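Fold and geometry: a report
Here are the chains, one letter per residue:
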Amino acid sequence: MAHINKEFLIDNSPENVWESLREVGAVHERLVPGFVTDTRMEADTRIVTFANGAVVHELIVDIDEASRRVAYAVVGGSMTPKHHHASMQVLADTEGRSRFVWTIDVTPDELAGPIGEMAEQGVRIMRETLKATPVPADR
């Protein structure tokens, strides 16, 4: 099983970053605009359309408010791994920043390259999008 781990800092509070991450049906607006062009929910499954035309069906396994973690698994679409499980988590870092941790486990191993490249593209966009997330006025 291939393991992909992306971890990066964001100059924004964990509360603000979590508000964007927890909106699992708005990935195309809140996390990776342009990279993901559409997201829609069908019960507990998220249908994600990427700019490259790939469409992925992701079962939302958990949205954990306390740990600020979303877990999901690819269960269909144009990319059909034998096994895929991923999680994204927001952790508090120093000076009001957030640490974003994205972990992906996938088989077959041959999918690690293409999925890793897509994750790297997503990280670049997430860093900019989440850094630009406005701080609520009541703070």
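Residues numbered from 1 in each chain as written. Predicted model: local features only at pLDDT ≥ 70, side-chain atom pairs only at ≥ 80, totals over all residues. Heavy atoms only, no water.

1. Some details on the overall build of the chain
Within the chain, the secondary structure is distributed over three helices and seven strands. The N-to-C order of helical and strand elements in the chain reads β-α-α-β-β-β-β-β-β-α. For 139 residues, the compact-globule estimate of 2.2 N^0.38 gives 14 Å, and the chain sits close to it at 14 Å. Dimensions of the chain, computed from the C-alpha atoms along their principal axes, are close to 45 × 30 × 25 Å. Taking all 139 residues of the chain together, 46% fall into the buried category. Summing over all exposed atoms, the chain offers an accessible surface of approximately 7000 Å²; the carbon and sulfur share of this is 50%. Of the side-chain charges in the chain, 14 are positive and 22 negative, and the distance between the mean point of each set is 3 Å. (Helix = DSSP H or I, 4+ residues; strand = E, 2+ residues; numbered from the N terminus. Rg over C-alpha atoms; globule rule 2.2 N^0.38 Å. Buried < 20%, exposed > 50% of the residue type's maximum accessible area, 1.4 Å probe, protein only. Areas by Shrake-Rupley, 256 points an atom, 1.4 Å probe, with all protein chains shown as cover. Lys, Arg positive; Asp, Glu negative; His and termini not counted. Charge placed at Lys NZ, Arg CZ, Asp CG, Glu CD.)

2. Observations regarding the sheet that holds strand β2 (residues 36–42)
With antiparallel pairing, seven strands are arranged side by side in an open sheet as β1-β7-β6-β5-β4-β3-β2. The open sheet is flanked by β1 (2–10) and β2, the only strands paired with a single partner. Pairs of neighbouring strands in the sheet enclose a mean axial angle of 20°, with direction left out of account. In this sheet, strand β7 (residues 98–107) lies alongside β1 in antiparallel orientation, the contact comprising nine bridges. Counted as the bridge partner of isoleucine 10 is serine 98 from β7. On top of the sheet, helix α1 (residues 14–21) reaches β1, β4 (55–64), β5 (69–77), β6 (83–92) and β7; it is set at about 150° to β6, its chief contact. In the packing of helix α3 (residues 112–131) onto the sheet, the strands contacted are β1, β3 (45–50), β6 and β7, and the crossing angle to β1 comes to about 15°. (Pairing = 2+ DSSP bridges. Axes fitted to C-alpha atoms, helices over the stretch in contact; angles between N-to-C directions. Contact = heavy atoms within 4.5 Å.)

3. Here we look at the packing of aromatic side chains
Between two aromatic rings, the relevant description is the distance of the centres plus the angle of the planes. A full pass over the atoms with the stated rule returns two aromatic pairs. Judged by centre distance (5.1 Å) and plane angle (20°), the ring pair of phenylalanine 8 and phenylalanine 100 falls under stacked. In this pair, phenylalanine 8 sits in strand β1 while phenylalanine 100 sits in strand β7, placing the two residues 92 residues apart along the sequence. Accessibility expressed as a relative area gives 0% for phenylalanine 100, which makes it buried. Their ring planes at 75° and their centres at 5.4 Å tell us that phenylalanine 35 and phenylalanine 50 sit as a pair that is edge-to-face. Taken together, the residues phenylalanine 35 in the loop between α2 (27–30) and β2 and phenylalanine 50 in strand β3 connect sequence positions 15 residues apart. Across this residue pair, the class does not change: phenylalanine 35 and phenylalanine 50 are buried. Positioned over the ring face of tyrosine 72 is arginine 46, at 5.1 Å from the centre of the ring. (Phe/Tyr/Trp six-rings, centres within 6.5 Å; stacked < 30°, edge-to-face > 60°. Lys NZ or Arg CZ within 6 Å of the ring centre and 35° of its normal.)

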